[in-house]
Amino acid sequence: MPELPEVETIRRHLEAAVRGKRIAAARTLRGDLRRPFPPALAERLAGRRVESLERRAKYLILRLDGGLALLVHLGMSGRILLGEAGGNPGPHVHFILDLDDGRRVSLQDPRRFGMVDLVAANLLDAHPLLKSIGPEPLGARFTGNVLADRLKDSATSIKAALLDQRRVAGLGNIYACEALFRARISPKRRAGSVTGPRAAALARAIQAVLKDAIAAGGSTLRDHRLPSGELGYFQHHFRVYDREGQPCPGCDCATGIRRIVQGGRSTFYCAKRQR
Ligand SMILES: [Zn+2]
């Protein structure tokens, strides 16, 4: 599943291709993904100029002239392909934007858990999918105090709380595990007890793991893009995620990385280093 760093990597590379371009033609190739495409989507997009490409949590927001915004979520398996207009859309491509410079942006989504919506830009903050999302972890105002305030009334584990989008925006299972490891916080600790210096360390760790992943995406993307046209997916080496039983990279603990299940999701951690 694309996580925040993948979506941000896609945003950075795609924005260079779409900003300032006009949508020559748009096309939907089926009626729905997770939800129906908005009515008359292709007609409403045709001729619009792209002003910017932004991100909120794991949503891409294409701001268009005329005060419109195209909201895109990649779901479980969504990919953005950047290629040339014309020709066969390819398998599992459900939505196409042909730009006035001859390039084509395609949304490919085999499992169809993604979604596309077209809304008035000034109503974005009130959009049902966006209005309850917590602070952006890569935002300048994301600090230990902001994080602690979001966690204070939570009796769940800190791991579960980090996956709750109302507390922190866009943090998925991989990066929650990695951030807790770096901050030396046990995934089983009660979320409301993460305060003060511990919350500050966690806020810094969250930003560090996301920034490292984005940097890795940026560096591998160039090799990746030409053969497949696919943006933002990369192999990234994690310190704890999916490393059950392997030596701990943070200390000399004999047991190595452990796996437990919390809320139906695997958590990877070091029981000695993380408290
Ligand atoms: Zn360890």
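The rules behind each value
- Residues numbered from 1 in each chain as written.
- Predicted model: local features only at pLDDT ≥ 70, side-chain atom pairs only at ≥ 80, totals over all residues.
- Heavy atoms only, no water.
- Donors = N, O, S within 2.8 Å, 3.2 Å for Na, K, Ca; no water.
- Tetrahedral: all angles 85-135°; square planar, octahedral: opposite > 155°, others 65-115°.
- Buried < 20%, exposed > 50% of the residue type's maximum accessible area, 1.4 Å probe, protein only.
- Pairing = 2+ DSSP bridges.
- Helix = DSSP H or I, 4+ residues; strand = E, 2+ residues; numbered from the N terminus.
- Axes fitted to C-alpha atoms, helices over the stretch in contact; angles between N-to-C directions.
- Salt bridge = Lys/Arg side-chain N within 4 Å of Asp/Glu carboxyl O.
- Contact = heavy atoms within 4.5 Å.
- Polar contact = N/O pair within 3.5 Å; in protein donor to acceptor, adjacent residues only side chain to side chain.

Can you walk me through the coordination of the zinc ion in this structure?
Six octahedral donors around a metal ideally subtend angles of 90 or 180 degrees, whereas four tetrahedral donors ideally subtend 109.5 degrees. Those donors, Cys248 (SG), Cys251 (SG), Cys253 (SG) and Cys270 (SG), are the protein atoms that reach the zinc ion, and they lie 2.1 to 2.4 Å from it. The coordination sphere of the zinc ion comprises 4 donor atoms, whose angles at the metal cover 100 to 117°; the geometry is tetrahedral. We note that the donor set of the zinc ion lies within a single chain, spaced as C-x2-C-x1-C-x16-C. With a relative accessible area of 25%, cysteine 251 lands in the partly exposed category.

Just to check I follow, could you spell out the sheet that holds strand E5 (residues 79-84) for this structure?
Each strand in a sheet pairs with its neighbour through backbone hydrogen bonds, running either in the same direction (parallel) or in the opposite one (antiparallel). Pairing is antiparallel in the open sheet, where 4 strands are placed in the order E1-E6-E7-E5. Since the sheet does not close on itself, it has two edges, and those belong to strand E1 (23-28) and E5, each with one partner. When the angles between neighbouring strand axes are averaged without regard to direction, this sheet yields 15°. Where E1 lies against strand E6 (residues 93-99), 5 bridges are found, and the strand directions are antiparallel. Note on E6: the bridge partner recorded for threonine 28 is phenylalanine 95.

Help me understand the pattern of salt bridges, please; the structure alone is not making it clear to me.
When their charged atoms lie close together, side chains carrying opposite charge are able to pair. In total, this model carries 20 salt bridges according to the counting rule given. The salt bridge partner of glutamate 84 is arginine 103, with a shortest N-O separation of 3.8 Å. Remark: arginine 103 occurs in strand E7 (residues 103-108) and glutamate 84 occurs in strand E5; sequence separation between them is 19 residues. Taking relative accessible area as the criterion, glutamate 84 reaches 53% and is therefore assigned exposed. Using a relative accessible area of 28% as the deciding quantity, one classes arginine 103 as partly exposed. Note that aspartate 98 and arginine 104 form a salt bridge whose closest N and O atoms lie 2.7 Å from each other. Note on aspartate 98: relative accessible area 14%, which makes it buried. Each of Glu8, Arg11, Arg12, Glu15, Arg19, Arg55, Arg56 and Glu136 takes part in salt bridges that share partners, so that together they form one network.

Explain the environment of aspartate 98 to me, please; I cannot follow it from the model alone.
For aspartate 98, the position within the fold is in strand E6. Each C-alpha atom of the pair aspartate 98 and glycine 83 lies 9.5 Å from the other, and the pair is 15 residues apart in sequence. Apart from the residues lying within four places of it in its own chain, the contact partners of aspartate 98 are Arg22, Ile23, Ala24, Ala25, Ala85, Arg103 and Arg104. One polar contact links aspartate 98 to arginine 104, side chain to side chain, over a distance of 2.7 Å.

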